[in-house]
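# Structural characterization, general
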Amino acid sequence: LGDFFLKEPVPYITCEPEITERELTQGDEFVVMASDGLWENTETDGVVEDVYNFHYDTAIEGASSDFASSGEFLTFERVLPKVASANDITVEELVDLPLGERSLYHDDTTIVTIFLSTGTIYSSIET
């Protein structure tokens, strides 16, 4: 669908997902599935630490009252500040851009966090 000019001659956009498989262990508490909008702007270890702290720890003071989910926290506290800084604008200026114009600065960001012990699923979508 759409964006045909980005698919040929070199496919900058593809419908082929990047999939990583791993065996779950007793110690695994959650799974984070996210688009490249997250992974291009954060490190895996940082995402795991932030999700853990958001839900289990007070290391991120007030975060759970300011954000609906860890995905929303990651988007607004990790992804958007990095994108804004790289473009010499503030997060507020970035968020205020019309959606079509904002896509010139960063990829859409979709984050789904699944907590294995409870089956709770949180999702966040930022375009």
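Residues numbered from 1 in each chain as written. Predicted model: local features only at pLDDT ≥ 70, side-chain atom pairs only at ≥ 80, totals over all residues. Heavy atoms only, no water.

### Here's the deal with the overall build of the chain
Across its full length, the chain carries six helices and three strands. When the helices and strands of the chain are placed in sequence order, the string is β-α-α-α-α-α-α-β-β. Considering the chain as a whole, with its 127 residues, one finds that 28% of them fall into the buried category. Of the contacts formed within the chain by residues at least 6 apart in sequence, a portion of 48% connects residues at least 24 apart. Total accessible area on the chain stands at roughly 8800 Å², and carbon and sulfur atoms take up 52% of it. (Helix = DSSP H or I, 4+ residues; strand = E, 2+ residues; numbered from the N terminus. Buried < 20%, exposed > 50% of the residue type's maximum accessible area, 1.4 Å probe, protein only. Contact = heavy atoms within 4.5 Å. Areas by Shrake-Rupley, 256 points an atom, 1.4 Å probe, with all protein chains shown as cover.)

### Observations concerning the confidence of the model for the chain
Low-confidence regions, as indicated by low pLDDT, have predicted coordinates that should not be scrutinised in detail. For the chain, per-residue confidence averages 80 on the pLDDT scale, and 79% of positions sit at 70 or higher. Ranking the elements of the chain by mean pLDDT puts helix α3 (residues 63-66) last, at 60, and helix α5 (residues 91-96) first, at 92. (pLDDT = per-residue confidence, 0-100.)

### With respect to helix α4 (residues 70-86)
With 17 residues, α4 ought to run about 24 Å at 1.5 Å a step, and its terminal C-alpha atoms sit 23 Å apart, in line with that. In α4, a bend of some 30° at Leu80 exceeds every other bend along the element, and Pro81, a proline, comes one to four places later. Downstream of α4 by a residue or two, Asp88 has a phi angle that is positive, lying close to 55°. (Expected span 1.5 Å × (residues − 1). Bend = angle between axes of the 7 residues up to and from the residue.)

### Things to note about the nonpolar core
Judged by nonpolar contacts, the single largest core of 14 residues is most densely connected at Val32, Leu38, Val47, Val51, Leu74 and Leu94. At the level of elements, β1 (30-34), α2 (44-56), α4 and β2 (109-115) are the ones that each hand at least two residues to this core. Examining the composition of this core, we find that five residues originate from one element, α4, more than from any other. Those residues within four positions of Leu38 in sequence are excluded, and the remaining contacts are Val32, Val47, Leu74, Val79, Thr109 and Ile111. (Core = buried A, V, L, I, M, F, W, Y, C linked by side-chain atoms within 4.5 Å.)

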